[in-house]
Amino acid sequence: MNFKGFTKKYWFAGFILLIVALNSFIFLPKYGAWGGPSDVEYNEIAINMANGSGFSLNGTESMFREPAYPFFLFLNYRIFGINYNLIRIEQFVLLFLTIYLTYVISDGMFGNLPAKIASLTIAVLPIFPIYATDFISEIFTAFLVLLFTYFFIRSLSSTKDSPLYLSTYKGESFVLLSGFVFGILVLTKSIFIFLPIFILPIYLLKERKYGLKNICIFILAVLIVVLPWLYRNYMNFGKIAIADRGGMLLYLHSIKSEFNDKELKDYATTAFLGEYFVRLYNPNFNIVKGEGIYKMNDRRILLLKEGFDFAGADRVMMNEAKGLYLKHPFKNFFIGFLEVVKVNAPMAPKYSVMFAFPGHIGHSLFEKIIKMGIILIIRIIWLTILLVALYGAIKSLKEKNIVAILILLFIIYLNGIIFFLQGVPRFVFVIYPFYFIFFAFGISIILNKFLWKQKIQKIIN
């Protein structure tokens, strides 16, 4: 075995593994969830399925959660028994596959340097290994997003000049695979259900001859995966939907339009700067109460007491939310802007920086200045990353990179949906790899310009 050649070929993969291991060693003892499941509902559903009680919560059939992640847990419980650490090992495998797919997609789009920068950014950010230990669907979803993107790109790569060209091209096979994976993605995060409306026209842009055929194959594959679950929900609940929380989330957004000026000012301050900056002048402020969750829960409990089942209560809240949108259209538009700002707030390391220093305002002016400075520095760093990513996205669009259009549509779509709902940074975590792909391209352009200027300077001197 040529050890030198092996090291030269795989040194970067080993470096990524080392970074993730160091992050895990540093952050998991404090922020990881090693004692048990983080989301008791996912776990309860999976255990009920393993025990033969079906997809149920609190003793009754449910459609409150999307089914794919509980099914992933159920398969593990059924095959290996209830072993939480095994789930976490599998989710770390999904994390490394996510990094690998990020590298492959970036390399195909922009080359080796951006691919390494994007992969390294994921490895360095501690939120990824932390979420790999949590029994929530974020790592699972991020992997599905990247896997779908990979297959979709492959379904477009029918020309030899494509960086993802296959010597034996079976375009229809990759269209079918991308449809199947997208179906699983929708059954994991139903928020993506309308995304095909925006991405399928790419087939027509790429190859008009086969575009319509590919669109039909894709839709058929998605329906094969999704329809059984939709049928189950319709038969049990009389509702054609993946999950049953849309009314709640829309209500949680629109109820803020009933805030008075002070409440809205506090919420806006939290979205832009964080809860800490509100607590400086309002020590009793609580963001959970301040974003309307208590009001939403009170309304839901009242509807349940009035005899509505959960699905019925969700429908009532959906209709009330629509009424609030019509009643306060401009206020709801402003709140939507705040949701997008809030959802793109940095996480340090597990929760949004908006929750930094809860209950610890500090007594001295010096301590307050230090804490405000820490929050602002974290936000400025993250804002810089987002701005560089935007710069990279613009540059890639100028190069008419069709894959960049696909990735950008993902970003715009998810942020656009959140504009009308309730936003927390965890919701866009699943497309962080796309942020970092554009960020890496932007950084590589900046580095190339800097190095080019250096070379010119050397020639001049």
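Since the structure is predicted, the reported quantities are computational estimates derived from the model, not experimental observations.

Thresholds applied
Residues numbered from 1 in each chain as written. Predicted model: local features only at pLDDT ≥ 70, side-chain atom pairs only at ≥ 80, totals over all residues. Heavy atoms only, no water. Helix = DSSP H or I, 4+ residues; strand = E, 2+ residues; numbered from the N terminus. Buried < 20%, exposed > 50% of the residue type's maximum accessible area, 1.4 Å probe, protein only. Contact = heavy atoms within 4.5 Å. Areas by Shrake-Rupley, 256 points an atom, 1.4 Å probe, with all protein chains shown as cover. Core = buried A, V, L, I, M, F, W, Y, C linked by side-chain atoms within 4.5 Å. Expected span 1.5 Å × (residues − 1). Patch = residues over 30% accessible without salt bridge, like charges linked within 9 Å, V, L, I, M, F, W, Y side chains within 5 Å. Salt bridge = Lys/Arg side-chain N within 4 Å of Asp/Glu carboxyl O. Axes fitted to C-alpha atoms, helices over the stretch in contact; angles between N-to-C directions. Parallel < 35°, antiparallel > 145°, perpendicular 65-115°, else oblique. Left-handed = near helix turned anticlockwise from the far one by under 90°. Nonpolar A, V, L, I, M, F, W, Y, C, P; charged D, E, K, R; others polar. Phe/Tyr/Trp six-rings, centres within 6.5 Å; stacked < 30°, edge-to-face > 60°. Lys NZ or Arg CZ within 6 Å of the ring centre and 35° of its normal. pLDDT = per-residue confidence, 0-100. Polar contact = N/O pair within 3.5 Å; in protein donor to acceptor, adjacent residues only side chain to side chain.

(A) Representation of the overall build of the protein. Counting secondary structure elements, the protein contains 22 helices and two strands. For the protein, the spread of C-alpha atoms along the three principal axes comes to 75 × 60 × 45 Å. Sorting the 461 residues of the protein into buried and exposed places 52% on the buried side. Considering only contacts within the protein whose residues lie at least 6 apart along the sequence, 75% involve residues at least 24 apart. In the structure as shown, the protein presents an accessible area of about 22600 Å², 69% of it carried by carbon and sulfur atoms.

(B) Molecular detail of helix 2 (residues 40-50). Buried residues of helix 2: Tyr 42, Asn 43, Ile 45, Ala 46, Asn 48 and Met 49, and no others. Each element contacted by the buried residues of helix 2 is listed here: strand 1 (56-57), helix 3 (68-80) and helix 4 (84-110). Once helix 2 finishes, Gly 52 follows within two positions and takes phi at roughly 85°, a positive value.

(C) Expanded view of the nonpolar core. Among the nonpolar cores identified, the biggest contains 120 residues, and Phe 128, Phe 192, Ile 431 and Tyr 432 are the most heavily contacted of them. Top contributing element to this core by residue count: helix 7 (residues 138-156), with 13 residues. If we skip the residues at most four places from it in the chain, Phe 192 touches Thr 141, Val 145, Phe 182, Leu 185, Val 186, Phe 410, Tyr 413, Leu 414 and Val 430. Ranked by size, the runner-up nonpolar core spans eleven residues in total, among them Leu 264, Tyr 267, Ala 268 and Phe 285.

(D) Representation of helix 18 (residues 329-343). With 15 residues, helix 18 should cover 21 Å at 1.5 Å per step; its first-to-last C-alpha distance of 21 Å lies within 8% of that length. All of the buried residues along helix 18 are Asn 332, Ile 335, Gly 336, Leu 338, Glu 339, Val 341, Lys 342 and Val 343. In this fold, the buried residues of helix 18 make contact with helix 12 (246-254), helix 13 (261-272), helix 17 (310-327), helix 20 (402-419) and helix 21 (426-429).

(E) Local environment of a nonpolar patch on the surface. On the surface, a nonpolar cluster with roughly 660 Å² of combined accessible area is contributed by Trp 11, Phe 15, Leu 18, Leu 22, Phe 25 and Ile 26. When you line up the elements, Leu 18 lands in helix 1 (residues 3-31).

(F) Spotlight on the packing of helix 2 against helix 3. Remark: helix 2 packs on helix 3, axes separated minimally by 8 Å, with the N-to-C direction vectors making an angle of 50°. The angle between helix 2 and helix 3 places the two elements in the oblique class. For the element pair helix 2 and helix 3, the recorded crossing hand is right-handed. Packed against helix 2, whose contacting residues are Tyr 42, Asn 43, Ile 45, Ala 46, Ile 47, Met 49 and Ala 50, the element helix 3 presents Tyr 69, Pro 70, Phe 71, Leu 73, Phe 74, Tyr 77 and Arg 78 at the interface. For the contact of helix 2 with helix 3, a count of residues per class yields twelve nonpolar, one polar and one charged.

(G) Highlighting the packing of helix 3 against helix 4. Relative to each other, helix 3 and helix 4 sit at 125°, their axes nearing to 10 Å. Looking at the two axes, helix 3 sits oblique to helix 4. Note on packing geometry: the crossing formed by helix 3 with helix 4 is right-handed. Side by side, helix 3 and helix 4 meet where Tyr 69, Phe 72, Leu 73, Asn 76, Tyr 77 and Phe 80 of the first sit next to Tyr 84, Leu 86, Ile 87, Glu 90 and Gln 91 of the second.

(H) Quick look at the environment of Phe 436. As for its placement among the helices and strands, Phe 436 is situated in helix 22 (residues 432-460). Distance from Phe 436 to Gly 312, taken between C-alpha atoms, is 41 Å for residues 124 residues apart in sequence.

(I) Structural context of the pattern of salt bridges. In total, this model carries eleven salt bridges according to the counting rule given. Residue Lys 327 pairs with Glu 258 through a salt bridge whose shortest N-O separation is 3.8 Å. Of this pair, Lys 327 sits in helix 17 while Glu 258 is found in the loop between helix 12 and helix 13, placing the two residues 69 residues apart along the sequence. Through salt bridges that share partners, Glu 138, Lys 189 and Arg 426 make up one connected network.

(J) Summary view of the packing of aromatic side chains. Taken as a whole, this structure holds 36 aromatic pairs when the rule is applied. An aromatic cluster is present here, built from Phe 148, Phe 152, Phe 182, Phe 192, Phe 198, Tyr 203, Phe 218, Phe 410, Tyr 413 and Phe 434 joined pairwise through their rings. Residue placement shows Lys 116 over the ring face of Phe 12; its charged tip is 5.6 Å from the ring centre.

(K) Main features of the environment of Ala 50. Its place among the elements puts Ala 50 in helix 2. Looking at Ala 50, the relative accessible area reads 24%, which means it is partly exposed. For the pair Ala 50 and Lys 213, spaced 163 residues apart in sequence, the C-alpha to C-alpha distance is 40 Å.

(L) Representation of the confidence of the model for the protein within the structure. Per-residue pLDDT for the protein has a mean of 87; in total, 90% of the residues score no lower than 70. A low-confidence stretch, residues 159-169 stays under pLDDT 50, and its non-local contacts, those more than four residues away or across chains, total 18 contacts.

(M) Just the environment of Ser 137, in detail. Along the polypeptide, Ser 137 turns up in the loop between helix 6 (127-132) and helix 7. As a C-alpha pair, Ser 137 and Phe 334 span 197 residues in sequence and 30 Å in three-dimensional space. Only 3.4 Å separates the side chain of Ser 137 from the side chain of Tyr 42, close enough to count as a polar contact. A polar contact is formed between the side chain of Ser 137 and the side chain of Lys 189, at a distance of 3.3 Å.

(N) Broad picture of the side chain of Asn 415. Looking at where Asn 415 falls in the secondary structure, it is placed in helix 20. Judged by relative accessible area, which is 10%, Asn 415 ranks as buried. A distance of 3.3 Å separates the side chain of Asn 415 from the side chain of Tyr 435, its partner in a polar contact. Not counting chain neighbours up to four residues away, the residues in contact with Asn 415 comprise Val 340, Val 343, Asn 344, Val 428, Ile 431 and Tyr 435.

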